[in-house]
Amino acid sequence: MDAIDRGLERAMQTQPIPKTLQGRVNFLVRQYKGTRAVADHLGVSIRSVERWRKGAGIGTENARKVEDAVRERWQPRVKQRVREAAESRGFTVEVMASFGYTSAGLSTDDPRERIVTQRLPGTVARDLFAARDRGATRQEQEQIIAEGLGRAYFQDGGRRARGLQVTLTGLDWADFSV
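Residues numbered from 1 in each chain as written. Predicted model: local features only at pLDDT ≥ 70, side-chain atom pairs only at ≥ 80, totals over all residues. Heavy atoms only, no water.

**Q** Describe the pattern of salt bridges, listing the residues and the values that go with them.
**A** Counted by the stated rule, this structure contains nine salt bridges. Arg132 is paired through a salt bridge with Asp5; the nearest N and O atoms lie 3.0 Å apart. One end of the pair, Arg132, is in helix H7 (residues 122-133); the other, Asp5, is in helix H1 (residues 3-11), with 127 residues separating them in the sequence. For Arg83, the salt bridge is made with Asp133, and the minimal N-O distance between the two is 2.6 Å. Of this pair, Arg83 sits in helix H6 (residues 76-89) while Asp133 sits in helix H7, and the two are 50 residues apart along the sequence. (Salt bridge = Lys/Arg side-chain N within 4 Å of Asp/Glu carboxyl O. Helix = DSSP H or I, 4+ residues; strand = E, 2+ residues; numbered from the N terminus.)

**Q** Provide a residue-level description of the environment of Arg10, including the pertinent values.
**A** If you trace the backbone, Arg10 turns up in helix H1. According to the relative accessible area criterion, Arg10 is partly exposed, its value standing at 45%. When the C-alpha positions of Arg10 and Lys79 are compared, they lie 10.0 Å apart, and in sequence the two are 69 residues distant. Sequence-distant contacts of Arg10, that is, excluding residues within four places in its chain, are made with Ala174 and Asp175. (Buried < 20%, exposed > 50% of the residue type's maximum accessible area, 1.4 Å probe, protein only. Contact = heavy atoms within 4.5 Å.)

**Q** Before we move on, could you go through empty space enclosed by the protein and cite the residues and values that matter?
**A** All told, the structure shown has one cavity of 30 Å³ or more when counted by the stated rule. For the largest cavity, the calculated volume is near 50 Å³. Secondary structure elements with two or more residues in the lining of the largest cavity: H1, H6 and strand E3 (165-177). Residues that form the lining of the largest cavity fall into these classes: nine nonpolar, one polar and no charged. (1 Å grid on protein atoms, 1.4 Å probe; cavity = no way out; pocket = protein on both sides within 12 Å on 5 of 7 lines; lining within 4 Å. Points joined across faces, edges and corners; volume = space filled by probe spheres on them. Nonpolar A, V, L, I, M, F, W, Y, C, P; charged D, E, K, R; others polar.)

**Q** Go over H7, please, and point to the residues and values.
**A** If you check H7, its first and last C-alpha atoms are 16 Å apart, about what 12 residues at 1.5 Å a residue would give, namely 16 Å. Those residues of H7 that fall on the buried side of the exposure criterion are Gly122, Val124, Ala125, Leu128, Phe129 and Ala131. Positive backbone phi, approximately 80°, marks Gly135, located one or two places after H7. (Expected span 1.5 Å × (residues − 1).)

**Q** I'd like to hear about the layout of surface pockets, residue by residue, with values.
**A** Its volume calculated, the largest pocket comes out at about 200 Å³. Listing elements by their share of the lining of the largest pocket, those giving two or more residues are H1, H6 and H7. When residues in the lining of the largest pocket are grouped by element, the largest group, four residues, is from H6. By residue class, the composition of the lining of the largest pocket is three nonpolar, two polar and six charged.

See the structure below:
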């Protein structure tokens with residue numbers, strides 16, 4: 001998961017996922033109704049899942065698989081309500097990123113790192129979620145956010161800087177709230 005996906009996941013949860021490996025694995029076993037289904041989903045042996053339930057150590061790659069599987073199935077109704085609210089009323093995005101600019105007379109490839117907090121309309125949320133659903137790349141998702149920030153923040157909703165195009169050249173982190 002990259003910065004955008006993690007930020008959206010944080011925004012869509014009211015409670016954090018279980019903190020311990022045992023808690024995460026036990027949650028998956030309840031969701032998938034057995035260790036065999038969890039093992040099949042994660043691509044590991046049944047014995048590995050059983051060891052993890054007892055608190056045995058786990059490698060970083062498998063720990064990431066378990067965390068991603070838990071996040072995928074954690075609080076689906078809450079995620080749906082938050083998504084609907086974001087798509088209808090908009091959302092607030094806070095990013096730390098390097099921005100590049102192109103305008104009618106000038107262009108710059110000298111990125112400026114900024115922390116920007118801005119309320120974006122629901123159309124940007126719809127575009128972002130649609131891109132995530134179809135498996136868009138990180139660059140495509142960053143471009144959607146950059147265009148939304150370009151209109152709302154840099155152009156002030158069309159009141160200034162007409163023709164300015166904004167690109168995200170480096171995204172350090174992103175947080176979203178509805």
